Amino acid sequence: MSKFLWKGLLVSPAVLAASLVVSSTALAAEKPVEIATIAQADQLQLAGAATEVAKAETAKAETGEPASLASNLTVETIEKESANLYEGFPSDRFANANEPIAPVAEQAKPQENAVAGDLSETQPAVAPANLSAEQPVAEQIPAVAPANLSETQPAATPTNLSAQEQISQSPNPSPQPPAQSNVLEQINEYSKEDSSSQDAAGQVTSVSQLSDVRPTDWAFQALQSLVERYGCIAGYPDGTFRGNRAMTRYEFAAGLNACLDKVSELIQGGSRNLATREDLASVQRLQEEFAAELATLRGRVDALEARASELEANQFSTTTKLNGEVIFGLTGIARGDDAEGNDADKATAFGSRVRINFDTSFSGEDLLRTRLQVLNLGSFSANNTKTAEGELRFNAGPFAEASNTVGLDALLYQFPLGKSTTVILEANAGAADDFTNTVNPYFDGDGSYGALSNFGTRNPIYYLTGGSGIALRHQFGEKLELSLGYLAGNAANPTRGNGLFNGSYGGLAQLTFKPNENMALGLTYVNSYNFVTGTGSNASNFPVRLASFGFDSDSNLPVSSNSYGAQASWQLNRRFAIGGWAGYTNQRILSNLASPTGSVQRGDQKIWNWAVTLAFPDLLKEGNVAGIIVGMEPRVTSSTNRTLPEDKDTSLHVEGFYQFKLSDNISITPGLIWLTAPDHNKNNSDLVIGVVRTTFTF
């Protein structure tokens, strides 16, 4: 009887616990009841065998996995274990009474519905009555992993526990409230966003490592500072930054944390470089010591700001710059004969040439140049030497008369066409040097600096084109350039025999090769009609110098020519450069001419010229230039018609000058021009021309 009574007392708690487990299992089958049950169980912080069994049953219902090993135990096993526990000490029995309860859940399933209905309105879980009052609940309940821990980190099972203890403490899926589950799913979705194409980010040390970040990007400077100064911007393994992609909250948190860590590190590591109280005191002392100087500087800055504001308010133009030059020329013939064998007039002349340029740019890369010019220095060829040989570059020009009339000397517009091509539109008084390199540095200053004469300025074949037209320059890399130009002498005249295509014209093509910055080579071809060089002998300018050969006619012979030139320049060192050119022209008279004093038949003339130049930059003073030119001005070497003149002798052109730089805006150039046989006639005595040129630029 007593044995039966003891067994009944032992089984009664087990039956009560089983009922509770069955009730919890029934509640787990329905979502709303499960949420309430687990939430209240968490609030009471209760666990144990009953809760563990409920979790196991819930996992079985939701995942469809096989029942845990505990569900295979039978009631007989419970009774055996109960008997064993009874034979032990009472304290051991009470401490372990909860462990063998879990298997009862399988045996009590037939009562599931009935018990679940009774428990739906009551507290789902209560502490077992047989827990020791002295021992805290947390110590009496077997260790269970907290519900909010990750399933991938289960509590470690002690190796010395019995099989049943291990079963009761084995990790089971912990059901989470749906709201919390949805939040976790959303976080997972954010963290996996674009996971197929976006790999983990890697730290970069320079913004140049990010292939998709350009200096033109609006946030480039910000990225550069964050990467190179703070080191808290990461790129992707493929070397991209992907600045236009949306950022997840995880990425934002990681980047912000990296920046804050770096800032903290800089603050802690750079505390030694922070200004101290002594440093601030030194700065204050220096400010007081140099207060007068600072006040003076402040006053000067204020004055400069006022002047700058006044200039901006009264500026000439926002797109146009005014620049110009004034040349004063003191010239005269020292000795010699003219082209006719008479003593040249040795009068001394003083004159000027004034040029004012209005250079306008609309885009920063184009140029509209409008030039006004006044000339009042007459030419030697018209009155003194009676030959174009030795003519000055800055006077009225070959066989021309000077005046004090202001005229439009040049009007052109040039603009880029792509990256390598420049187009030049010449509306008035265009010249070859506007669109091509004459390959004569230190000498071709167009009369303002360098050589004094027309011949010394450039190869005479460049003068076989001029007027109005179009030209272009194209760069083939840094070493090769192509220049093309077509200019008409009377393009604005619509009468017969004039205009853009029916009057005088010159077409030029040149290849300029520059292997380095100190060397240049130019190969030039010019096809022209009714143009002469305006240099050399009268015979080389025969179509416009008929009177000098006794032909009484006011008409000019139509003439065409094909000219070929080669120019070279080589600066051997900083203070010495050598250069020169050779030019050949095949000039053809296109019609016969009959006059009271004779006739001219059609025919060809072969005209040659050459020169060697020596330049001495920075001689005696930086900015000064000394130059020597030795050459032969255009000379008719042969003619196919006896009525066409031919030069029998050779005259050398020897020219020397020294350009002395007084300041950045003023230079004085004395020089001499020596013609050994004026007009290529040895019967004429040497001709010496002296020049003093003063150039003002502004």
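All values derive from a computational prediction rather than experimental measurement. (Residues numbered from 1 in each chain as written. Predicted model: local features only at pLDDT ≥ 70, side-chain atom pairs only at ≥ 80, totals over all residues. Heavy atoms only, no water.)

Asks: Kindly report on the overall build of the protein, identifying the contributing residues and their values.
Replies: Tallying secondary structure elements over the protein gives 17 helices and 20 strands in all. Looking at the protein as a whole, 37% of its 698 residues are labelled buried. Look at the contacts in the protein between residues 6 or more apart in sequence, and 64% of them connect residues 24 or more apart. Entry remark: accessible area of the protein is about 39000 Å², with carbon and sulfur atoms responsible for 56%. (Helix = DSSP H or I, 4+ residues; strand = E, 2+ residues; numbered from the N terminus. Buried < 20%, exposed > 50% of the residue type's maximum accessible area, 1.4 Å probe, protein only. Contact = heavy atoms within 4.5 Å. Areas by Shrake-Rupley, 256 points an atom, 1.4 Å probe, with all protein chains shown as cover.)

Asks: Can you explain the pattern of salt bridges? Please cite residues and give values.
Replies: For the structure on display, the rule yields 16 salt bridges. The residue D446 makes a salt bridge to R355 at a minimum N-O spacing of 3.1 Å. Within this pair, whereas D446 is found in the loop between β7 (421–430) and α16 (454–457), its partner R355 is found in strand β4 (residues 348–360), the two being separated by 91 residues in sequence. Owing to a relative accessible area of 9%, R355 belongs among the buried residues under this scheme. (Salt bridge = Lys/Arg side-chain N within 4 Å of Asp/Glu carboxyl O.)

Asks: Any details on the packing of helix α13 (residues 277–289) against helix α14 (residues 291–313)? Residues and values, ideally.
Replies: It is the contact of α13 with α14, at a shortest axis distance of 4 Å, that shows an interaxial angle of 70°. Between α13 and α14, the interaxial angle falls into the category roughly perpendicular. Residues Q287, E288 and E289 of α13 form the contact with α14, whose own contacting residues are A291, E293 and L294. Classifying every residue of the contact of α13 with α14 gives two nonpolar, one polar and three charged. (Axes fitted to C-alpha atoms, helices over the stretch in contact; angles between N-to-C directions. Parallel < 35°, antiparallel > 145°, perpendicular 65-115°, else oblique. Nonpolar A, V, L, I, M, F, W, Y, C, P; charged D, E, K, R; others polar.)

Asks: So what's going on with the confidence of the model for the protein? Residues and values would help.
Replies: Mean pLDDT over the protein works out to 76, with 69% of the residues at or above the 70 mark. Segment residues 1–181 is flagged for pLDDT under 50; beyond a separation of four residues in sequence, or across chains, it makes 122 contacts in the model. Per-residue pLDDT stays below 50 along residues 190–200; that stretch engages in 15 contacts with residues further than four places along the chain or on separate chains. (pLDDT = per-residue confidence, 0-100.)

Asks: Got a sec to walk through the pairing of strand β10 (residues 505–516)? Specific residues and values, please.
Replies: Successive side chains on a regular strand alternate, one facing one side of the sheet and the next facing the other. Direction of pairing for strand β9 (residues 480–488) relative to β10: antiparallel, over a ladder of nine bridges. Of the residues in β10, the one forming a bridge with L487 is G506. Examined bridge by bridge, β10 and strand β11 (residues 519–529) share ten bridges and lie antiparallel to one another. When the sheet's bridge partners are listed, L511 is paired in β11 with L523. (Pairing = 2+ DSSP bridges.)

Asks: Hey, could you go over the side chain of R355 for me, with residue numbers and the actual values?
Replies: A polar atom in the side chain of R355 sits 3.1 Å from the side chain of D446. Look past the residues within four positions of R355 in its chain and what remains in contact with it is N323, G324, E325, R371, L372, Q373, D409 and D446. (Polar contact = N/O pair within 3.5 Å; in protein donor to acceptor, adjacent residues only side chain to side chain.)

Asks: Which residues make up the environment of F380, and what values do they have?
Replies: When you line up the elements, F380 lands in helix α15 (residues 380–383). Residues F380 and A396, spaced 16 residues apart in sequence, show a C-alpha to C-alpha distance of 9.2 Å. Excluding residues that lie within four positions of it along the chain, F380 makes contacts with T331, G332, I333, T385, K386, E391, L392, N395 and I689.

Asks: Describe the packing of aromatic side chains, with residues and values.
Replies: Within the structure shown, the criterion is met by 14 aromatic pairs. Note on F542 and F551: the rings are 6.2 Å apart at their centroids and 80° apart in plane angle, and the pair reads as edge-to-face. On the basis of relative accessible area, F551 is assigned to the buried category, the value being 11%. Linked through ring pairs, Y486, F501, Y505 and Y529 together constitute an aromatic cluster. (Phe/Tyr/Trp six-rings, centres within 6.5 Å; stacked < 30°, edge-to-face > 60°.)

Asks: So what's going on with the side chain of S379? Residues and values would help.
Replies: Locating S379 in the fold gives a position in the loop between β5 (367–375) and α15. One polar contact links the side chain of S379 to the main-chain carbonyl oxygen of G397, over a distance of 3.2 Å. A polar atom in the side chain of S379 sits 2.8 Å from the backbone oxygen of A400. Once residues within four sequence positions are removed from consideration, S379 is found in contact with N384, E391, N395, A396, G397, F399 and A400.

Asks: Before we move on, could you go through the environment of G466 and cite the residues and values that matter?
Replies: Among the structural elements, G466 can be located in the loop between α16 and β8 (467–476). Sequence separation between G466 and N490 is 24 residues; the distance between their C-alpha atoms is 9.5 Å. Beyond its immediate stretch of four places on either side in the chain, G466 contacts G430, L487, A488, G489 and F531.

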